[in-house]
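Chain and residue survey
The primary structure of each chain is shown beneath.
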Amino acid sequence: MTADKKPTPNDAIALLKADHEAVSQLFAEYENARSVPNKKALVAEICTALSVHAQIEEEIFYPAVKKALKDKLLVPEATVEHTGVKDLIAQLEGDEPDGEMYDAKVKVLSEYVKHHVKEEQNEMFPKVKSSSLDLVELGERMAARKDELLAQVA
Ligand SMILES: [Fe+2]
Ligand SMILES: [Fe+2]
């Protein structure tokens with residue numbers, strides 16, 4: 001590990017919350033972006049961040065939560081919401097930011113994500129925190145997987 005690498009939060013919930021915050025910042029930047037290259041670069045960043053985030057949740061976090069909480073509600077619902085998010089990401093990835101439909105897709109994506117994040121943070125995470133899950137161990141596995149996925153994109 002290099003010395004200049006910024007410290008990753010090592011607790012699963014802190015890691016996910018930091019991701020949520022970073023994506024929300026990117027959506028805010030998009031709102032102010034005017035040039036096509038700028039918009040395109042921001043959307044690429046948003047799509048990568050969301051895809052990697054969704055993947056570590058689906059591969060590691062959600063299955064652990066489902067098991068620990070014996071959940072039959074929150075995780076399935078969150079998984080369905082991910083499908084909606086991924087569908088819009090797929091549309092945006094094949095698009096040029098050349099008109100109102102592109103902006104509309106980014107706007108709707110940001111609304112989906114905002115809704116989804118609210119449910120995770122207000123409903124799922126509090127339950128997870130009061131469960132017996134080892135959030136540090138989980139967070140370490142998620143951070144490692146995240147680095148691996150980001151290295152594939154880079
Ligand atoms: Fe999620
Ligand atoms: Fe999330």
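Conventions we followed
Each residue is numbered by its place in its chain's sequence as written, counting from 1. Labels are handed out in written order, letters beginning with A for the chains and numbers beginning with 1 for the ligands. A pLDDT threshold of at least 70 governs which residues receive local features in this predicted model, and a stricter bar of 80 or more applies before side-chain atom pairs are shown or counted, although totals over entire chains, interfaces and linings include all residues. Only hydrogens and water are removed before side-chain values are computed, so all heavy atoms of the structure are retained for them. Any two rings among Phe, Tyr and Trp, with Trp reduced to its six-membered ring, count as a pair given centres within 6.5 Å; such a pair is stacked if its planes are under 30 degrees apart, edge-to-face if over 60, and tilted if neither. A helix here means a DSSP run of H or I that spans at least four residues, while a strand means a run of E at least two residues long, and both kinds are numbered starting from the N terminus. Type-normalised accessible area, obtained with a 1.4 Å probe on protein chains alone, sets the label of each residue: buried when under 20%, exposed when over 50%, and partly exposed for intermediate values. Only N, O and S atoms count as donors, using a 2.8 Å cut-off from the metal and 3.2 Å for Na, K and Ca, and because water is excluded some sites may appear unfinished. Working rule for geometry: tetrahedral if four donors all subtend angles between 85 and 135 degrees; square planar for four, octahedral for six, if opposite donors exceed 155 degrees and the others stay between 65 and 115; irregular in every other situation. Polar contact is the term for a pair of N or O atoms within 3.5 Å; when the atoms are in protein, one must be able to donate a hydrogen and the other to accept it, and sequence-neighboring residues count only if both atoms are side-chain atoms. The contact definition used throughout considers only heavy atoms, calling two residues in contact when any of these lie within 4.5 Å. Whether a set of points on the 1 Å grid over the protein atoms alone is a cavity depends on a 1.4 Å probe fitting there but being unable to get out, while an open set qualifies as a pocket with protein on both sides within 12 Å along at least five of seven lines; lining residues are those with an atom within 4 Å of a point. Grid points are joined across faces, edges and corners, and a volume is the space filled by probe spheres set on the points. In the scheme used here, Gly and all other residues not listed as nonpolar or charged are polar, with Ala, Val, Leu, Ile, Met, Phe, Trp, Tyr, Cys and Pro taken as nonpolar and Asp, Glu, Lys and Arg as charged. Expected helix span is taken as 1.5 Å per residue step, with the number of steps being one fewer than the number of residues. When we speak of the arc, we mean the arc of directions from the helix axis to the C-beta atoms.

1. What about the packing of aromatic side chains?
Inspection of the entire model under this criterion finds two aromatic pairs. Pairing Phe 61 with Tyr 62 gives two aromatic rings, centres 6.4 Å apart and planes at 50°, and the pair type is tilted. Relative to Phe 125, the ring of Phe 61 has its centre 5.7 Å away and its plane inclined at 90°; by these criteria the two rings are edge-to-face. Placement of Phe 61 in helix H2 (residues 36-69) and of Phe 125 in helix H4 (residues 100-129) is noted, with a sequence separation of 64 residues between them. The exposure classification of Phe 61 matches that of Phe 125, with both residues buried.

2. Overview of the coordination of the iron ion (ligand 2)
Bound to the iron ion (ligand 2) are the protein donor atoms His 20 (NE2), His 53 (NE2), Glu 57 (OE) and Glu 120 (OE), situated 2.0 to 2.2 Å from the metal. Geometry at the iron ion (ligand 2) is irregular, judged from the four donor atoms that bind it and their angles of 82 to 171° at the metal. Spacing between the donor residues of the iron ion (ligand 2) along the chain follows H-x32-H-x3-E-x62-E. The distance between the iron ion (ligand 2) and the iron ion (ligand 1) comes to 3.3 Å, and Glu 57 binds to both of them. Of this pair, His 20 sits in helix H1 (residues 12-32) while Glu 57 sits in helix H2; the two residues are 37 residues apart in sequence, bridging distant segments of the chain. Of the residues examined, Glu 57 reaches a relative accessible area of 0% and is grouped as buried.

3. Points about the coordination of the iron ion (ligand 1)
Around the iron ion (ligand 1), the donor atoms from the protein are Glu 57 (OE), Tyr 62 (OH), His 82 (NE2), His 116 (NE2) and Glu 120 (OE), and they sit 2.0 to 2.3 Å away. Here the donor residues of the iron ion (ligand 1) are spaced in sequence according to E-x4-Y-x19-H-x33-H-x3-E. Judged by relative accessible area, Glu 120 falls into the buried class, the value being 1%.

4. Here's the deal with the side chain of Lys 105
Position of Lys 105 relative to the elements: it lies in helix H4. Taking the relative accessible area as the measure of exposure, Lys 105 reaches 16% and is therefore buried. There is a polar contact of 3.5 Å between the side chain of Lys 105 and the side chain of Gln 91. The residues contacting Lys 105, other than those within four sequence positions of it, are Leu 88, Gln 91, Leu 92 and Asp 95.

5. Concerning the layout of surface pockets
Size it by volume and the second largest pocket reaches roughly 270 Å³. Contributing to the lining of the second largest pocket are 14 residues, with His 20, Ser 24, Phe 27, Ser 110 and Lys 114 lying nearest its centre. Top contributing element to the lining of the second largest pocket by residue count: H1, with eight residues.

6. Details of empty space enclosed by the protein
On inspection of all chains with the given rule, the structure shows one cavity of 30 Å³ or more. As a volume, the largest cavity reaches approximately 70 Å³. Around the largest cavity, the lining residues are Leu 74, Glu 77, Ala 78, Glu 81, His 116, Glu 119, Glu 120, Glu 123 and Met 124. Breaking the lining of the largest cavity down by element, the ones donating at least two residues are helix H3 (74-93) and H4. With five residues, the single largest contributor to the lining of the largest cavity is H4. Residue classes in the lining of the largest cavity are distributed as three nonpolar, one polar and five charged.

7. Some details on H1
With 21 residues, H1 extends 31 Å between its outermost C-alpha atoms, agreeing within 8% with the 30 Å of an ideal straight helix rising 1.5 Å per residue. Along H1, the residues classified as buried are Ala 12, Ile 13, Leu 15, Leu 16, Asp 19, His 20, Val 23, Leu 26, Phe 27 and Tyr 30. Projected onto a plane normal to the axis of H1, the buried residues spread over an arc of 165° and lie on a single side. Contacts from the buried residues of H1 go to H2, H4 and helix H5 (135-153).

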